[in-house]
Structure formats: structure tokens, C-alpha cells
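# Architecture at a glance
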Amino acid sequence: MYPDWMDDASNPFSSVLVANRGEIAVRILNSARELGLKGISIYSDSDANSLHVEISEEAIHLPGKQLSETYLNIDAIINAAKISGAEAIHPGYGFLSERSDFAQAVVDSGLIWIGPSPNSIEIMGDKISARNKMIDSGVPIIPGEEIFVEKNEDYIGPLAAAAARVGYPLLLKASAGGGGKGMRAVYEPKNLKSQYEAASREASTAFGDGTVYVERLLTKARHIEIQILCDEKGNSVHLNERDCSLQRRHQKVIEETPSPALSNEIRKLMGESALKAANSVNYIGAGTVEFLLSSKGQFFFLEMNTRLQVEHPITELITGIDIVQKQFEIAAGFELNLKQQDIGINGHSIEARIYAENPSNGFLPATGILSKWKFPTGPGIRLDSGFREGDEITIDFDPMLAKLIVHASNRETALRKLDTALSDFIILGVVTNLGFLRDIIKQDSFSEGQITTDYLDKAPESLFIPPSADPSHLIAIASAMERMGINGQLSGQSNGEITDYYSGHIGDPFKTLSKIFP
Amino acid sequence: MEWSIGEENIRYTAELADKEGKLELSSIKKDGNEIDISDVTISHDSNFNRLLVNIDKNSKLAHVVKIKDSYWIHLDGRVHVVNAHEIGLSSQKQSEGSLIAPMPGTIIEILVKEGQRVRKGQDLMVMEAMKMEHKIQSPKDGEVISISHKIGQRVDMGAILVEIGD
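Residues numbered from 1 in each chain as written. Chains lettered and ligands numbered in written order. Predicted model: local features only at pLDDT ≥ 70, side-chain atom pairs only at ≥ 80, totals over all residues.

## Looking at the overall build of chain B
The helix and strand inventory of chain B stands at 0 helices and 17 strands. Per-residue burial over chain B gives 31% buried out of 166 residues. Sequence separation of 24 or more characterises 38% of the internal contacts of chain B that already satisfy a separation of 6 or more. (Helix = DSSP H or I, 4+ residues; strand = E, 2+ residues; numbered from the N terminus. Buried ≥ 20, exposed ≤ 12 C-beta atoms within 10 Å, placed from the backbone. Contact = placed C-beta atoms within 7 Å.)

Written as C-alpha cells, this is what we have:
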């Protein structure tokens with residue numbers, strides 16, 4: 001049964017398998033449910049009780065301990081789609097989302113691929129071919145010589161020569177990469193070999209391809225990206241920018257839109273360049289073109305992400321467009337019913353990524369059980385997460401616990417709302433960066449909108465140390481809990497009342513009603 | 001019970017007084033010395049993971065969860081971890097080898113022999129002070145090199161009780 005809105009679709013479908021896990025699987029499955037599509041998930045052994053499985057209508061188990069047996073297993077995922085009768089596959093982000101062989105396998109199996117063509121993915125996925133396309137299309141690229149380093153026995157000679165031609169500081173990047181994995185900055189020749197090996201190793205683990213290339217490192221630059229949507233008929237629009245300049249080792253931490261650094265003129269030019277980039281590969285679907293914006297206001301193509309982006313929600317909030325819904329519509333063959341002049345910027349939106357990590361201890365990943373997990377709610381507050389209270393955080397997957405997204409009429413209000421929401425987010429049992437995020441957004445550089453991508457790497461040590469509380473208050477609370485804890489539980493049990501899990505209130509009002517009206 | 005905050009090595013003790021069903025902070029000692037305190041009263045909320053905390057006439061809600069020997073506290077939008085220690089399980093800083101008496105008292109039980117291997121946190125002896133028994137626990141894994149006192153003997157605060165070698 002197709003949902004009603006599929007009536008005039010050229011490629012209608014009624015069910016979608018989400019080849020992913022965690023918050024993005026949850027987010028996509030929620031959109032599918034809202035649109036009347038049957039949501040199907042896959043899960044590994046350790047994810048059997050996870051939220052994305054709970055909210056899907058059907059879940060297929062992929063046995064195995066390694067990622068290559070589960071979320072990176074193309075054959076098993078296609079097979080899961082067949083078993084469950086899924087008609088379409090959404091790859092989410094990460095995992096197989098930018099693997100052209102996966103897209104091809106989906107298409108070859110007669111399923112609908114929710115994403116761009118395998119050819120578009122392939123061209124944009126290879127940094128060299130992407131750069132060449134940009135040169136052909138007149139999109140500005142990062143200055144400096146680009147050298148492709150083949151990983152083979154004799155890589156050191158060509159690598160050193162390439163590095164010398166590009167010049168230091170330079171950036172080693174996984175050719176298949178993204179999300180900061182397989183990326184290393186090299187400031188001095190003596191670190192080249194070790195950093196190359198680290199980057200290559202990371203790239204192999206994360207993407208199954210250890211190829212690394214060399215690029216000039218631009219300092220004091222901002223990371224600005226443009227969200228684009230393109231349909232099969234050649235219509236395309238951009239949904240404005242996201243400023244993702246606040247990064248830690250190339251991993252985004254806070255993203256916002258609109259960017260405090262962009263004039264309308266640059267926004268227009270950048271949007272046009274992004275669409276040129278997308279059209280150069282006949283792009284279909286939702287995608288993101290990333291640029292570096294120099295301190296002089298010049299921008300350079302960085303890469304194109306041929307998939308949904310982690311930080312897509314801030315764009316959704318300021319434009320009112322559900323990007324996942326658009327992905328479904330485009331995959332079904334609908335024409336974009338959007339015109340560039342109709343896409344506005346309504347207010348300001350900021351996303352903070354909540355990680356299980358310890359900022360005061362070198363950002364070491366933290367593990368544990370989410371013994372208390374109470375997230376903020378209210379107008380203009382959105383939380384995208386794949387976790388619930390009681391879930392265990394292990395070292396098996398990415399340490400991102402949640403994305404806290406706020407929307408307000410202007411930047412100042414959005415920042416205050418974010419600070420309030422961060423302080424109201426109660427996570428006990430796993431160390432997080434919640435306090436650190438509050439400290440960052442209170443920095444003058446942040447409130448003035450002066451953040452560049454190297455900000456955190458060069459920030460003073462003091463930023464990573466949380467402000468201390470009065471020890472006597474904390475000791476008093478712990479001491480009181482020690483004395484009261486047991487009694488408190490006993491009194492709760494003795495009168496037969498059960499505290500409501502979410503509201504914290506005793507008793508269910510409907511239970512009371514049923515006593516009066518049997 | 002002794003307390004430490006996060007990774008710090010400072011030890012605190014607290015005294016609370018019962019007052020009309022609430023607990024009122026009477027004193028806090030930091031490494032044995034009394035420190036200035038605020039007016040703090042604490043009472044139970046209906047939700048057993050929460051405490052109503054009144055600090056200098058400001059009412060706050062503290063969310064508290066006990067995990068192993070630590071209390072995770074969310075207060076004023078920040079999370080703090082307060083660790084509980086049996087008295088005598090001295091902090092890393094002062095425990096490189098010898099274990100000292102945390103208080104003056106009488107040794108009433110010795111649970112290990114010289115030459116015995118012990119685990120971190122294992123009970124070594126029991127002391128009595130102020131009519132309360134306190135277990136003295138090993139600060140680390142190792143071998144008991146020497147035991148300086150006998151059952152029934154009185155010891156002063158700071159006296160070396162046991163030496164633990166690797």
C-alpha cells in the first residue's frame with residue numbers, strides 16, 4: 001500500500017530500509033513513519049535493544065562482531081531488504097552512505113536508492129576527480145599542488161616529494177574520507193611519515209580504503225557548507241549555509257546557520273558555486289558542498305558530501321524544510337516544488353554535538369550506563385538521539401550521544417536558549433562534554449562569531465577545565481544521599497505508589513480515575 | 001565515610017544534623033581541617049533520584065545517581081562526581097607503600113598476615129574510634145610487608161599501620 005502522497009510518483013515505494021544505526025537511523029525512521037512508509041532497520045548483536053530497532057516496524061538482525069559483517073556488509077544489507085520486502089534503501093551518513101559500490105548494488109537489486117547516482121558518488125568521493133570537476137566547472141579550489149599518493153611499498157619517496165612541492169603546513173586526507181577520520185595536519189617534515197601512517201591506518205579502518213592525499217593547510221579559515229537539493233528533472237536549489245567552524249581535530253562540535261561571517265553577497269556566490277558543483281556531476285537528491293572561507297573572504301571548494309549530513313537539522317529549522325522528506329520525494333521521482341527565491345532564513349539555529357568524552361582529560365572517550373538521561377524540551381528545542389535512559393555506552397561505536405538543536409529569532413537568543421538547554425540536559429553515569437559546550441559558547445570569540453577551524457586546537461588549557469563548584473555543597477549532597485537514599489526508596493515502596501518514569505510524579509492520573517469509575 | 005571530588009586527592013568528611021525531617025549541614029572537614037560552609041539543608045523529593053537542596057536560602061534541585069562508590073550529581077547545570085571512601089582507604093597521593101591511621105583509636109581486628117598478598121580495597125584491619133568501627137582497606141594490590149601493631153593496641157592518628165609492597 002503506497003501512502004496517498006505517492007499517487008503521482010514515477011518510482012513509488014511503500015517501505016524503506018535504513019542501512020544505519022543510532023540517532024540518524026532514528027531520525028530517518030521517524031520521517032518514514034510520519035510519511036506513511038514502513039520503516040525497516042538492521043542491527044548488530046550489540047544493538048539488539050537499541051532505540052532504532054525499537055521504533056522500526058521490522059528489524060533484521062545482521063550477525064557478526066565486526067562492522068564488515070554488519071553495517072558495512074553490502075550483501076547482508078541487500079539480503080535484509082529482500083527478506084523484509086523493503087522497496088527502498090536509505091543509507092544515512094557514515095558507514096556505506098558514500099560507497100558507490102553499495103549504491104550500485106542497491107540499484108542492481110531492483111531497489112530504490114535514496115541518494116545520488118553511483119557515478120556522482122564516485123566522482124565526488126575521489127578527491128582528485130572532484131577537484132578536476134571543480135576546475136572544469138569554475139568552482140574555486142584550495143591553492144597548492146595536489147598529489148595523489150599511492151599506498152605501496154615505496155610510498156615514502158613520492159610522499160616526501162609531494163609534501164615538499166605542496167609546502168608546509170599541509171593536510172593529509174583520506175581520499176575516501178570525511179568526518180575528520182583519516183585526516184592529519186603536518187606542520188614539520190619530520191612528522192610526515194608518522195602522520196601519514198596514522199591517517200592511512202584510520203582511513204583503512206573507517207572507509208576500507210587507506211589512500212591518502214596531500215593538500216595545503218589553510219589556517220584561520222572558516223568551514224562553511226551549503227545544503228543543496230536536486231531532482232531528476234534538473235531542478236536544483238540550495239538551502240543556505242551552515243557554519244561548522246568550531247571543530248576539534250576536524251570533528252565538528254557546534255554548527256550554526258546563518259553563519260555570522262557571511263554577507264548576503266558571499267552567500268549568493270557560494271550558493272551558486274555549490275549548485276555548479278552539484279550539477280557538474282548531475283547530482284540527484286540532498287547533498288552538501290563544503291567550502292573553506294579565508295579570512296580575506298575568499299572561498300574554496302573542500303569536498304562534496306553525497307549524503308545526508310549530521311548537522312542537517314539546523315537547516316531544517318531555519319528553512320522549515322524536512323530534508324529527509326525531500327530525499328524520499330526526490331527518490332520517488334517527484335519534481336522539487338521549491339524555488340530559490342522562496343527559500344528564506346527564518347531566525348537562527350545552532351546544533352551542539354553531545355559526545356561521551358572527557359574534555360578535561362584529552363577528550364578520551366567515556367563509557368558507562370546512562371543511569372539518568374533527562375533531556376530538555378520546549379519550543380525551539382530539538383533533540384536527535386539514538387539513546388534512552390539505561391542504555392550502555394561502549395567503545396564499539398561513535399561517541400556521539402545526541403545532537404541538541406535550538407532555534408530562536410536571532411543569534412543571541414539562540415545562544416541563550418542553547419546554554420539553558422545544555423544546563424537542563426541531565427546525563428549521569430557517562431562523562432560528557434555538556435559543560436564544555438556551555439563554556440565554549442560563553443567565550444568572547446564565539447559570541448562575537450569569530451571562530452575559525454583551528455580555534456579549539458589553539459585554545460588555552462583553561463578552556464578545557466570545568467569551573468569548580470563549592471565542594472561543601474557537593475559533599476553535603478553526597479553525604480545526604482548516602483543517608484537518605486535507602487530510606488527514600490523504602491518510603492516510596494511502602495505506600496505502594498510507583499513514581500512515574502518520565503514525569504517524576506507519583507501515580508498515573510488515569511489509574512486514579514479508574515478507582516472512582518470502576 | 002570520606003569523600004573526594006572527581007580526580008582530586010583532597011579528602012572531605014561531612015556532618016549532617018537531622019532537623020524536622022531535613023538534613024542540615026553542620027560541618028565539613030577538608031583533609032582534617034574544618035572549612036567555612038554555607039547554610040545547606042537537604043530534603044527528599046518524591047522522585048528518589050532527586051534531592052531538594054537549599055543553599056543560603058536558594059532552592060535548587062539536585063539529581064543524584066549512585067554508581068558503584070560514586071555519586072553523580074547534577075547541580076546548577078553541571079555534573080560532578082563525588083567519590084565515597086571507607087575511612088582508611090587512603091588516597092593515591094599518601095599511599096605509596098605505607099598505610100597510616102586516619103584517626104586515633106584502637107585496633108580491634110587484624111585480618112591479614114605479613115607476607116600475604118592483598119587486593120586493592122581488601123579489608124586489612126578493623127579500628128575502633130568514637131564507638132564506631134572502621135575498616136582499614138588496602139590502597140593497592142601488593143604484599144603485606146609489615147604490620148606495626150597488635151590487637152587491642154591504641155594508635156595515634158597518622159601512625160603507620162601496615163606497609164604494602166609490590
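## With respect to the environment of Gly-347 of chain A
Residue and element names in this part refer to chain A. As for its placement among the helices and strands, Gly-347 is situated in the loop between helix 11 (323-331) and strand 15 (348-355). For the pair Gly-347 and Leu-383, spaced 36 residues apart in the sequence, the C-alpha separation amounts to 18 Å. Residues within four places of Gly-347 in sequence aside, it is in contact with Ile-318, His-407, Ala-408, Ser-409 and Asn-410.

## Remarks on the packing of helix 12 (residues 411-424) of chain A against helix 13 (residues 434-441) of chain A
Residues and elements named next belong to chain A. For the pair helix 12 and helix 13, the least separation of the axes is 9 Å and the interaxial angle reads 160°. One way to sum up the angle between helix 12 and helix 13 is to call them roughly antiparallel. As for how helix 12 packs across helix 13, the hand of that crossing is left-handed. Residue-level inspection shows Leu-415, Leu-418, Asp-419, Leu-422 and Ser-423 of helix 12 in contact with helix 13, the latter providing Leu-434, Leu-437, Arg-438 and Ile-441. A per-class count over the contact of helix 12 with helix 13 returns 6 nonpolar, 1 polar and 2 charged. (Axes fitted to C-alpha atoms, helices over the stretch in contact; angles between N-to-C directions. Parallel < 35°, antiparallel > 145°, perpendicular 65-115°, else oblique. Left-handed = near helix turned anticlockwise from the far one by under 90°. Nonpolar A, V, L, I, M, F, W, Y, C, P; charged D, E, K, R; others polar.)

## Observations regarding unusual backbone geometry
Residues Tyr-168 of chain A and Pro-169 of chain A are joined by a peptide bond in cis, for which omega reads -5°. Mapping Pro-169 of chain A onto the fold places it in the loop between helix 7 (156-166) and strand 7 (170-178). The amide bond that connects Thr-257 of chain A to the next residue, Pro-258 of chain A, takes the cis arrangement and shows omega of -5°. The topology assignment puts Pro-258 of chain A in the loop between strand 12 (251-257) and helix 9 (264-279). Of note in this structure, Glu-20 of chain B is not a glycine but carries a positive phi near 50°. Locating Glu-20 of chain B in the fold gives a position in the loop between strand 2 (12-19) and strand 3 (22-30).

## Some thoughts on the domain arrangement of chain B
What the domain assignment lists for chain B is domain 1 (2-85) and domain 2 (92-165). Relative placement of domain 1 of chain B and domain 2 of chain B: their C-alpha centres are 28 Å apart. (Domains from an automatic or database assignment.)

## Description of the nonpolar core
Counting residues in each nonpolar core, the largest one holds 168 residues, and the members touching the most others are Val-16, Leu-17, Ile-89 and Ile-477 of chain A together with Ile-73 of chain B. Ranked by the residues each element gives to this core, the list is headed by helix 15 (residues 471-494) of chain A, at 8 residues. Not counting residues within four places of it along the chain, the set of residues in contact with Ile-73 of chain B comprises Leu-474, Ile-477 and Ala-478 of chain A together with Ala-62, Val-64, His-80 and Val-82 of chain B. Ala-101, Ile-136, Val-162 and Ile-164 of chain B belong to the second largest nonpolar core, which has 12 residues in total. (Core = buried A, V, L, I, M, F, W, Y, C linked by C-beta atoms within 7 Å.)

## Some thoughts on the sheet that holds strand 11 (residues 236-248) of chain A
Residue and element names in this part refer to chain A. A sheet is described by the order of its strands in space; here 8 strands give the open sequence 14-13-10-11-12-15-22-20, paired in antiparallel fashion. Edge positions in the open sheet fall to strand 14 (299-305) and strand 20 (381-385), since each of these has one partner strand only. Across the sheet, the axes of successive neighbouring strands diverge by a mean angle of 25°, strand direction being ignored. Pairing geometry for strand 15 and strand 22 (residues 400-408), over 8 bridges, is antiparallel. When the bridges of strand 22 are listed, Ile-350 appears paired with Val-406. Sitting on the sheet, helix 9 touches strand 10 (222-230), strand 11, strand 13 (285-293) and strand 14, and the angle it makes with strand 11 is about 105°. (Pairing = 2+ DSSP bridges.)

## Looking at the interface of chain B and chain A
Across the contact, 39 residues belong to chain B and 33 residues belong to chain A. Counting residues per element, the ones that place at least two in the side of chain B that touches chain A are strand 1 (2-5), strand 2, strand 3, strand 5 (40-44), strand 6 (50-55), strand 7 (58-67), strand 8 (70-75) and strand 9 (78-85) of chain B. Counting residues per element, the side of chain B that touches chain A draws most heavily on strand 7 of chain B, at 6 residues. Of the residues that constitute the side of chain B that touches chain A, the class distribution is 28 nonpolar, 9 polar and 2 charged.

## Brief notes about helix 9 of chain A
Because an α-helix packs 3.6 residues into every turn, residues spaced three or four apart end up facing the same way. Residue and element names in this part refer to chain A. Taking 1.5 Å per residue, 16 residues should reach 22 Å; helix 9 reaches 22 Å between its end C-alpha atoms and fits that length. Among the residues of helix 9, Met-270, Gly-271, Ser-273, Ala-274, Leu-275, Ala-277 and Ala-278 are the ones counted as buried. Residues of helix 9 that are buried sit in contact with helix 6 (127-137), strand 10, strand 11, strand 13 and strand 14. (Expected span 1.5 Å × (residues − 1).)

## Side note on the confidence of the model for chain B
Of the residues in chain B, 89% have a pLDDT of 70 or more, and the chain-wide mean is 86. pLDDT under 50 marks residues 91-95 of chain B. Its contacts with residues more than four places away, or in other chains, come to 8 contacts. (pLDDT = per-residue confidence, 0-100.)

## What about the sheet that holds strand 10 (residues 98-100) of chain B?
Residue and element names in this part refer to chain B. The strand order across the open sheet built from 4 strands is 10-17-15-12, with neighbouring strands paired in antiparallel fashion. Looking at the sheet topology across the chains shown, the edges are occupied by strand 10 and strand 12 (117-118). Alignment of strand 12 against strand 15 (residues 142-147), held across 2 bridges, turns out to be antiparallel. Counted as the bridge partner of Arg-117 is Glu-143 from strand 15.

## Some details on the environment of Ser-371 of chain A
With respect to the helices and strands, Ser-371 of chain A occurs in the loop between strand 18 (368-369) and strand 19 (372-374). In this structure, the C-alpha to C-alpha distance between Ser-371 of chain A and Phe-397 of chain A, residues 26 residues apart in sequence, is 19 Å. Beyond its immediate chain neighbours, meaning those up to four positions away, Ser-371 of chain A contacts Leu-428 and Gly-429 of chain A together with Val-65 and Ile-67 of chain B.

## Quick notes on the confidence of the model for chain A
The predicted model of chain A has a mean per-residue pLDDT of 89, with 91% of residues at 70 or higher. A low-confidence stretch, residues 486-518 of chain A (pLDDT under 50), is modelled with 18 contacts involving residues beyond four sequence positions or located in other chains.

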